[in-house]
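So you can see what is in the structure, the chains are spelled out below.
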Amino acid sequence: MDDTDILIAGGGIAGLTLAARLAAAGRQVTVIDPAAPPDRDTAPEADLRSTAFLQPARRLLEHCGLWDRLAPRSTPLDALRIIDTAGWPPEIRAERTFRPEPDGDEPAPAFGWNLPNWLTRYQIGAALADRAGVTLRWGAGLSALLTREREALATLSDGTRLRARLVIGADGRASRVAEAAGIAMRTTRYGQKALAFAVSHDLAHGQISTEVYNSGGACTTVPLPDHAGRAASAIVWMEDGARAQELAALAPEALGAELDRRSCHILGRAHPETEVRVWPVITQRARQLTARRVALVAEAAHVLPPIGAQGLNTSLADVAMLAHALDEVEDPGDPRALARYAHARERDIAARATAINLFNRVCRSDAAPVQALRSLGLRGAHDLIPLRRRLISAGLGPDPE
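Residues numbered from 1 in each chain as written. Predicted model: local features only at pLDDT ≥ 70, side-chain atom pairs only at ≥ 80, totals over all residues. Heavy atoms only, no water.

Participant: Would you take a moment to explain the overall build of the protein chain for this structure?
Facilitator: The helix and strand tally for the protein chain stands at eleven helices and 20 strands. The 401 residues of the protein chain split such that 55% are buried. A sequence separation of at least 24 residues applies to 73% of the contacts in the protein chain between residues at least 6 apart. With the model as given, the accessible surface of the protein chain reaches about 17000 Å², and the carbon-plus-sulfur share is 51%. (Helix = DSSP H or I, 4+ residues; strand = E, 2+ residues; numbered from the N terminus. Buried < 20%, exposed > 50% of the residue type's maximum accessible area, 1.4 Å probe, protein only. Contact = heavy atoms within 4.5 Å. Areas by Shrake-Rupley, 256 points an atom, 1.4 Å probe, with all protein chains shown as cover.)

Participant: What should I look at first to understand the side chain of Thr283 in this one?
Facilitator: Here Thr283 is to be found in strand β17 (residues 277-286). A polar side-chain atom of Thr283 sits 2.5 Å from a polar atom in the side chain of Tyr190. Contacts of Thr283, omitting those with residues within four sequence positions, involve Arg186, Thr187, Thr188, Tyr190, Val303, Pro305, Ala353 and Asn357. (Polar contact = N/O pair within 3.5 Å; in protein donor to acceptor, adjacent residues only side chain to side chain.)

Participant: Would you explain the environment of Val276 in this entry?
Facilitator: Note that Val276 resides in the loop between β16 (270-272) and β17. Residues Val276 and Val236, spaced 40 residues apart in sequence, show a C-alpha to C-alpha distance of 9.9 Å. In this structure Val276 touches Leu195, Ala196, Phe197, Ala248 and Leu255, once residues within four positions along its chain are discounted.

Participant: What is the right way to look at the pattern of salt bridges in this model?
Facilitator: If charged atoms from side chains of opposite charge come close, those side chains can pair. Scanning all chains against the criterion turns up 27 salt bridges. Close ionic contact of Arg148 with Glu151 constitutes a salt bridge, the shortest N to O distance being 2.9 Å. Taking the relative accessible area as the measure of exposure, Glu151 reaches 18% and is therefore buried. As a salt-bridge pair, Arg163 and Glu151 come within 3.9 Å of each other at their nearest N and O atoms. On the criterion of sequence distance, the pair formed by Arg163 in strand β11 (residues 161-169) and Glu151 in the loop between β9 (142-147) and β10 (152-156) is long-range, its members being twelve residues apart. Exposure remark for Arg163: the relative accessible area of 29% places this residue in the partly exposed category. Sharing partners across several salt bridges, the network here consists of Asp3, Arg148, Glu151 and Arg163. (Salt bridge = Lys/Arg side-chain N within 4 Å of Asp/Glu carboxyl O.)

Participant: Whenever I open this one, helix α6 (residues 241-248) confuses me. Can you help?
Facilitator: An α-helical turn contains 3.6 residues, so any two residues separated by three or four positions project in the same direction. The complete set of buried residues in α6 reads Gly241, Ala244 and Leu247. End-on view of α6: buried residues confined to an arc of 120 degrees, all on one side of the axis. (Arc of directions from axis to C-beta.)

Participant: Looking at this structure, how should I read the nonpolar core?
Facilitator: Nonpolar side chains tend to gather and get buried jointly when the protein is soluble and globular. Formed by 70 residues in total, the largest nonpolar core has its most connected members in Ile8, Leu18, Leu22, Ile168, Leu296 and Leu322. Residue contributions to this core peak at nine residues, all from helix α8 (residues 311-327). Contacts of Leu18, omitting those with residues within four sequence positions, involve Ile8, Ile168, Val297, Val319, Leu322 and Ala323. Counting residues in hydrophobic clusters, the runner-up holds 19 residues, among them Leu80, Phe98, Ala196 and Val281. (Core = buried A, V, L, I, M, F, W, Y, C linked by side-chain atoms within 4.5 Å.)

Participant: Quick question: what am I supposed to make of the sheet that holds strand β7 (residues 112-116) here?
Facilitator: Backbone hydrogen bonds hold the strands of a sheet together, and the pairing may be parallel or antiparallel. Pairing is antiparallel across the open sheet formed by three strands, whose spatial order is β3-β7-β4. Each edge of the open sheet carries a strand with a single partner, namely β3 (50-54) and β4 (75-77). Ignoring which end each strand starts from, the neighbouring axes of this sheet average 35 degrees apart. Strands in contact with helix α2 (residues 55-63) are β3 and β7; relative to β3, the strand with the most contacts, it is inclined by about 85 degrees. (Pairing = 2+ DSSP bridges. Axes fitted to C-alpha atoms, helices over the stretch in contact; angles between N-to-C directions.)

Participant: Could you clarify how one ought to interpret the packing of helix α1 (residues 13-24) against helix α4 (residues 117-128) in this entry?
Facilitator: A packed helix pair is summarised by two numbers, namely the angle formed by the two axes and the spacing between the axes. Two elements in contact, α1 and α4, have axes separated by 9 Å at closest approach and are oriented at 25 degrees. In terms of axis orientation, α1 runs roughly parallel to α4. The two elements α1 and α4 meet at a crossing, and its hand is left-handed. Two secondary-structure elements touch here, α1 through Ile13, Leu16, Thr17, Ala19 and Ala20 and α4 through Asn117, Thr120, Arg121, Ile124, Gly125 and Leu128. Taken together, the residues that form the contact of α1 with α4 break down as six nonpolar, four polar and one charged. (Parallel < 35°, antiparallel > 145°, perpendicular 65-115°, else oblique. Left-handed = near helix turned anticlockwise from the far one by under 90°. Nonpolar A, V, L, I, M, F, W, Y, C, P; charged D, E, K, R; others polar.)

Participant: Can you help me understand helix α7 (residues 252-262) in this one?
Facilitator: Buried within α7 we find Leu255, Gly256, Glu258, Leu259, Asp260 and Arg262. Residues of α7 that are buried make contact with β12 (185-201), β13 (208-214), β14 (217-227), β15 (230-240), α6 and β16.

Participant: Could you clarify how one ought to interpret the confidence of the model for the protein chain in this entry?
Facilitator: Where the model shows low pLDDT, its predicted coordinates should not be examined in detail. Mean pLDDT for the protein chain: 89, with 89% of residues reaching 70 or above. Below a pLDDT of 50 lies the segment residues 381-385, which in the model reaches ten contacts outside its immediate sequence neighbourhood of four places, other chains included. (pLDDT = per-residue confidence, 0-100.)

Participant: What exactly am I supposed to notice about unusual backbone geometry here?
Facilitator: Backbone geometry follows two general trends: most residues other than glycine have a negative phi, and most peptide bonds adopt the trans configuration. Residue Pro89 follows Trp88 across a cis peptide bond; omega there is -5 degrees. Mapped onto the elements of the fold, Pro89 is located in the loop between β5 (79-86) and β6 (91-98). Phi at Gln207 is positive, roughly 55 degrees, even though this residue is not glycine. Here Cys264, not a glycine, exhibits a phi torsion of approximately 60 degrees, which is positive. As for its position among the elements, Cys264 is in the loop between α7 and β16.

Participant: How should the packing of aromatic side chains be read in this particular structure?
Facilitator: The way to describe two aromatic rings as a pair is by their centre distance and the angle between their planes. Taken as a whole and judged by the stated rule, the model has one aromatic pair. Ring centres of Trp67 and Trp113 lie 5.9 Å apart, and the angle between their planes is 75 degrees; this geometry places the pair in the edge-to-face category. Placement of Trp67 in helix α3 (residues 67-70) and of Trp113 in strand β7 is noted, with a sequence separation of 46 residues between them. Trp67 sits in the buried class, given a relative accessible area of 4%. Across from the ring centre of Trp279, 4.7 Å away, lies the NZ or CZ of Arg49, which sits over that ring. Here the guanidinium or amino end of Arg58 rests over the ring plane of Trp113, the centre of that ring lying 4.6 Å away. (Phe/Tyr/Trp six-rings, centres within 6.5 Å; stacked < 30°, edge-to-face > 60°. Lys NZ or Arg CZ within 6 Å of the ring centre and 35° of its normal.)

Set out below in structure tokens:
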């Protein structure tokens, strides 16, 4: 039986970042995942979504010694534009752009930095391949887990047994760690699905991420580096389930034409450059974040609709807070440290889940009174300066490091 200080089940972006952070603090960490990070966006398991890493997430990645590897591959985001529309083809009813404000004489910072998820995972995995304190075990997941007062015993899908002082579930919305620890989930379903793919397009994106609201949900365009000499963006497009499946089945040219209409032609003519991936839109929260010798982070702890770059950034806030709590104890499974982590994160996760749940319901409504309220709310959120500053601060997220 092999020993490790901490076993992390799940080698996605959050799990790998947490491994880097814990190893930097002197822990021995083992990461397991059934699939190694893909090295190209055409791989069947490649996550074609992208993430706008907000300022607190960047600071965490810098602290872990990972940002220098990611920065040259990122696209700065100068602003977030919100467009409210109604009808079909959509007509713009309100449009506002949110930008971070200058700090004294300093220029305004970037709102965030965008990276494709598959590329981020691959680069972090490569950075950890020879890092002291980290063992990566690709091709194995968690099969069984037994926790005791002083240790946790894990059986992997390849038959290997590991002994750890703490097991961290970073293994996604169907977390095997949560299931093994007896942690139940609260799940809200909307009847929506999200399409993720990348496009090249005629018009420059101006380093602005745009969310266009209409019945069905948000259609988000996020800047990417140029593709074959043309501007490019990642697309995350939420729709009612049946409509999403229809769109996913379209030929690239037809899908591009539908995207042009849905996005009010803000990109000019768009052409899909990758496969289309489809996944259900839900809000899901673990009823508790910890159990004996167990902690949950990222999508094992919470799943949010893809609005406002909150998903992975909230996950990285989990990573930072859990690592900070463990810095204060010798035994990483110390129940006092796990309680501090849970207390620190539960309120923020609940608040963000509640707000995004409500926002998604309002933004996908085709009821005229709700649409009128939505447009009025967008104008007020931007034009009332104190409210705008507060929303931008809340959107950037907590910085627990």
